[in-house]
Amino acid sequence: MFPVTRLRRFRRTAALRDLVRETRVDVRDLVFPLFACPGSGVEGPLEGLDGIAQRSVDRLCDEAEEVHALGVGAVLLFGIPEEKDEAATGAYDDDGIVQQALRAVRERVPEFVLLTDVCLCEYTSHGHCGVVDEGEVVNDLSLELLARTAVSHAEAGADAVCPSDMMDGRVGAIRGALDSEGFEHVPIVSYAAKYASAFYGPFREAADSAPAFGDRRGYQLDPGNAREALRECELDLAEGADALMIKPALPSLDVLAAARARFDVPIFAYNVSGEYAMVKAAAARGWLDERQAAVESLTAIKRAGADVIVTYWAKEAARWL
Ligand code: PBG
């Protein structure tokens, strides 16, 4: 008790604070999202995601090489296809945009960890994450397409696939398809607890994937529910998920901490586009210090229990940390 106990003693100097810091963000645990688009020499900056661009495969390779050289642990690939249709053909096309990007980046930076987002929303004309019939997103019909997408990513060289669609049973369907095609060594990082969140706004513009009608509340989690999120995690693990992803990160730190306490698999957290954009926008107006706010955000996500953080700050963080 005071005056014997004084917690300020270890806070007195930067060196003392550094010595006893419990949580550190390591650039090797960060994942940088990359957006592949058609064409060559294309680098299209994204409004709402300052510093992030859609890139054609040639430019994407340059970016991947730079990110790898900075020590960032992995990249997570998203694709913006030339054309979209009802069946999301571009998602599982052997020569689709993500498949092309995987082959090219693999050749340029062979040892870099390449993760892919497995979803249909960037490839469907209506922007939903599954097949639509009579205005409904049909669960079971979507599974086969998701499984084909995951297999085509594995064939093109993905180190792990990350299903983000929130269909029931997708992890089992993907595991079965990967195993029967000889990809039993490819892990599944399941976006198990993915909330229907307003914080994906800037991403949807970047990936051109906003739903043309309705919203995603019929398949993504209700933000009011934490126990249900843990059931999602449990089911995905039972279906064969190798790691879990919690998303969005900062609005779900309670779920992240609960998942950390309950499950011993690697846990990823996605520090999503809206979390990044809010800080960028405030910093641009001089309302807060971007670097401090970003490092504090990443530290909080780690402290809550994330092993790996997907973040648009990965590249800048590599210089800051
Ligand atoms: C695809 C997907 C989304 C994000 C990652 N994968 C969008 C969504 O579900 O609407 C969001 C990422 C971000 O906001 O940074 N389904």
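Residues numbered from 1 in each chain as written. Predicted model: local features only at pLDDT ≥ 70, side-chain atom pairs only at ≥ 80, totals over all residues. Heavy atoms only, no water.

Caption draft 1: Examining the overall build of the chain more closely. For the chain, the helix and strand inventory stands at twelve helices and twelve strands. Computed over C-alpha atoms, the radius of gyration of the chain comes to 20 Å, within 12% of the 20 Å expected from 2.2 N^0.38 for 321 residues, which places it in the range of a compact globule. In terms of principal-axis extent, the alpha carbons of the chain reach across some 70 × 45 × 40 Å. Put simply, the chain has 321 residues, and 54% of those count as buried. Within the chain, contacts between residues at least 6 apart in sequence are counted, and of these 74% link residues at least 24 apart. Surface accessibility of the chain: about 14,600 Å² in total, with carbon and sulfur atoms responsible for 50%. Positive and negative side-chain charges of the chain, numbering 34 and 53 respectively, have mean locations separated by a distance of 13 Å. (Helix = DSSP H or I, 4+ residues; strand = E, 2+ residues; numbered from the N terminus. Rg over C-alpha atoms; globule rule 2.2 N^0.38 Å. Buried < 20%, exposed > 50% of the residue type's maximum accessible area, 1.4 Å probe, protein only. Contact = heavy atoms within 4.5 Å. Areas by Shrake-Rupley, 256 points an atom, 1.4 Å probe, with all protein chains shown as cover. Lys, Arg positive; Asp, Glu negative; His and termini not counted. Charge placed at Lys NZ, Arg CZ, Asp CG, Glu CD.)

Caption draft 2: The arrangement of the pairing of strand S3 (residues 49–56) in detail. Among the eight residues in S3, six count as buried, and that is most of the element. Both strand S1 (residues 30–37) and S3 contribute to a ladder of three bridges, which runs parallel. Of the residues in S3, the one forming a bridge with Cys37 is Ser56. The loop that links strand S2 (residues 43–46) with its antiparallel partner S3 comprises two residues; one of these, Gly48, has a positive phi angle of about 95°. (Pairing = 2+ DSSP bridges.)

These figures come from the coordinates and say nothing about function on their own.
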